[in-house]
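# Structural overview
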Amino acid sequence: HQQRKILWQLKEILALKTLPHLIETIDISHLAGKEKVGVIVSFLDGIYQPQLLKKFKIKTILQPDDPRMIYEVLLRRLKHKDWGLPDLFLIDGGKIQFKMAKKAITENNLEIDILALAKPKEELYYNENKKLFLKEHPLIRNFILALDKKTHQIVLKYHRKKRESFIYK
């Protein structure tokens, strides 16, 4: 079936450690550094798992700094051993976001694959200095963009809700 084929392609092409059954995607939203939030959205074999949704209010980063916000969210997420671990993290962002996610994982003595999606050019970083051009891999492109789009919708909805509750206090 299609999803399985895509997961195998991801593993093979990007030399992932394991077949990425459980993928956790991370996205950040804020308004010029205000009302900062992050979400972690889980997908099992490409299927959204709403019961596993994690929402975070950014606590330590005061300026607009998405890479450091991703680092904070990931550090806080990795403290929860009871949540188990995904096979793969998909981060919204490019090389710098990749580096910050890698730092959080390394500091926790873990080895989990990371992909970082740099949207304008649709580049997928799978290593600090290695990227895949998604236009050359249509199946992977559609899969990754679908996960990213769903995660982006969720983080924007959460951010909007936070801003509204802030406005009406």
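In the block above lies the structure referred to throughout.
Residues numbered from 1 in each chain as written. Predicted model: local features only at pLDDT ≥ 70, side-chain atom pairs only at ≥ 80, totals over all residues. Heavy atoms only, no water.

### Considering helix α1 (residues 2-14)
Between its terminal C-alpha atoms α1 stretches 18 Å, which fits the 18 Å expected from 13 residues at 1.5 Å a residue. When we look at burial in α1, the residues that qualify are Q3, I6, L7, L10 and L14. An end-on view of α1 places all buried positions within 100° of arc, on one side of the element. (Helix = DSSP H or I, 4+ residues; strand = E, 2+ residues; numbered from the N terminus. Expected span 1.5 Å × (residues − 1). Buried < 20%, exposed > 50% of the residue type's maximum accessible area, 1.4 Å probe, protein only. Arc of directions from axis to C-beta.)

### Points about the packing of aromatic side chains
Each pair of aromatic rings is reported with the distance of its centres and the angle of its planes. For the structure on display, the rule yields 1 aromatic pair. Judged by centre distance (6.1 Å) and plane angle (50°), the ring pair of F43 and Y48 falls under tilted. According to the relative accessible area criterion, Y48 is partly exposed, its value standing at 26%. It is K54 that lies over the ring of W83; its NZ or CZ is 4.6 Å from the centre. (Phe/Tyr/Trp six-rings, centres within 6.5 Å; stacked < 30°, edge-to-face > 60°. Lys NZ or Arg CZ within 6 Å of the ring centre and 35° of its normal.)

### Re the nonpolar core
Residues L10, L90, L115, L124, F143 and I144 are the most contacted members of the largest nonpolar core, which totals 25 residues. Taken together, the elements giving at least two residues each to this core come down to α1, β2 (34-44), β5 (88-92), β6 (113-118) and α4 (138-167). Of the residues forming this core, the biggest block, 7 residues, is contributed by α4. Those residues in contact with L124, other than ones at most four positions away along the chain, are L14, L90, L115, A116, L117, K130, K131, L132, L134 and I144. Counting 24 residues, the second largest nonpolar core, distinct from the first, contains L74, I91, A116 and A118. (Core = buried A, V, L, I, M, F, W, Y, C linked by side-chain atoms within 4.5 Å. Contact = heavy atoms within 4.5 Å.)

That's the geometry; what it means functionally is another story.
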